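What follows is the residue order along each chain.
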Amino acid sequence: KNQVEQSPQSLIILEGKNCTLQCNYTVSPFSNLRWYKQDTGRGPVSLTIMTFSENTKSNGRYTATLDADTKQSSLHITASQLSDSASYICVVSAGSGGYQKVTFGTGTKLQVIP
Amino acid sequence: DTEVTQTPKHLVMGMTNKKSLKCEQHMGHRAMYWYKQKAKKPPELMFVYSYEKLSINESVPSRFSPECPNSSLLNLHLHALQPEDSALYLCASSQGGTGNNEQFFGPGTRLTVL
C-alpha cells in the first residue's frame, strides 16, 4: 500500500529561525515528489517538484531534498516569516505511463510566531 | 492566466437541497480533479476528468455528480447530502491526466450541510 508519512505533525518556531520538515514514503514505482503549502481554508500551492534523479531543488527560501534510496525527502525553510505559517503537504506520484496514483501525506502544520 | 477559480467560496445547504459547485481554468489544461478535504486531513481524490471524459471515480456516493461541460469547466452537483459531507471541496487541473503533471489547485468551496 502506498503511504506518505510526514513529521512532525506540528511545529512552532520563532520568526527568523530555520526549520526542516520530513517526509518518508513507501510508494512504488516512484515517479515524482512535490511539496505544497496550504493556508487554512485555501487550496494547496506547489513549492517544488522533484523527480528520481534530482537531489535538491530550491524555490526562494524553500529548499527540498530527495534521497530516493532511503525514500525520504525534507523541506528546509530558511529565515522563516510569519507568512510561512501554513500546512506543508508532501505528495508522491507512483506509476509509469497513463494515470499515476497520487498519495498525499498528512501534512505538517507550521506556526511562525513573532 | 495561471489560476483555478471556484465558486461559491462558501455554501450552506440542507439535506434536501440541490446545489452545484463550479470550477474554471483557462490554462489549457486537459485534466481536472475534484477533491474533498476534512479538517486537519489531506485532500482525498473524488473524480478525475481527462479530455472531458470521466476517467476516475474513487467510489464516490451518487449524491455527488460531476459534470465537465467543456475543457475549461468542471461542476460538482450535490443532492441529498449528509452532514458528514461538510468539508472543503477543492478543484485542481493539470496539463495532462498523468500524475507526473503538476496539479494547480483552486481556493476551494467550504461546504456546510445542515
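In this text the structure is predicted, and so the values were computed from the model without any measurement. (Residues numbered from 1 in each chain as written. Chains lettered and ligands numbered in written order. Predicted model: local features only at pLDDT ≥ 70, side-chain atom pairs only at ≥ 80, totals over all residues. Heavy atoms only, no water.)

A look at the sheet that holds strand β3 (residues 19-25) of chain A
Residue and element names in this part refer to chain A. Across the sheet, five strands lie side by side as β1-β3-β8-β7-β6; this open sheet has antiparallel pairing. Strands with a single pairing partner mark the edges of an open sheet, and in this sheet they are β1 (4-7) and β6 (56-59). Looking at each pair of strands side by side, their axes are set apart by 15° on average, direction ignored. (Pairing = 2+ DSSP bridges. Helix = DSSP H or I, 4+ residues; strand = E, 2+ residues; numbered from the N terminus. Axes fitted to C-alpha atoms, helices over the stretch in contact; angles between N-to-C directions.)

Observations concerning the sheet that holds strand β3 (residues 18-25) of chain B
All names here are of chain B. An order of β1-β3-β8-β7 is seen for the four strands of this open sheet, with the pairing classed as antiparallel. At either end of the open sheet lies a strand with only one pairing partner, and these are β1 (4-7) and β7 (64-70). Averaged over all pairs of adjacent strands, the angle between strand axes in this sheet comes to 20°, irrespective of strand direction. Pairing of β7 with strand β8 (residues 73-79) involves five bridges; the strand directions are antiparallel. When the sheet's bridge partners are listed, Pro-66 is paired in β8 with Leu-76.

Observations concerning the pairing of strand β9 (residues 86-94) of chain A
Looking along a regular strand, one sees the side chains alternate between the two faces of the sheet. Residue and element names in this part refer to chain A. In terms of burial, β9 is largely enclosed, as eight of its nine residues are buried. Two strands pair when backbone bridges link them, and strand β4 (residues 30-38) and β9 are joined in this way by eight bridges, in the antiparallel orientation. By the bridge assignment, Lys-37 is partnered in β9 with Tyr-88. In terms of strand pairing, β9 meets strand β10 (residues 101-104) through four bridges, oriented antiparallel. Within the sheet, the bridge partner assigned to Val-92 lies in β10 and is Thr-103. (Buried < 20%, exposed > 50% of the residue type's maximum accessible area, 1.4 Å probe, protein only.)

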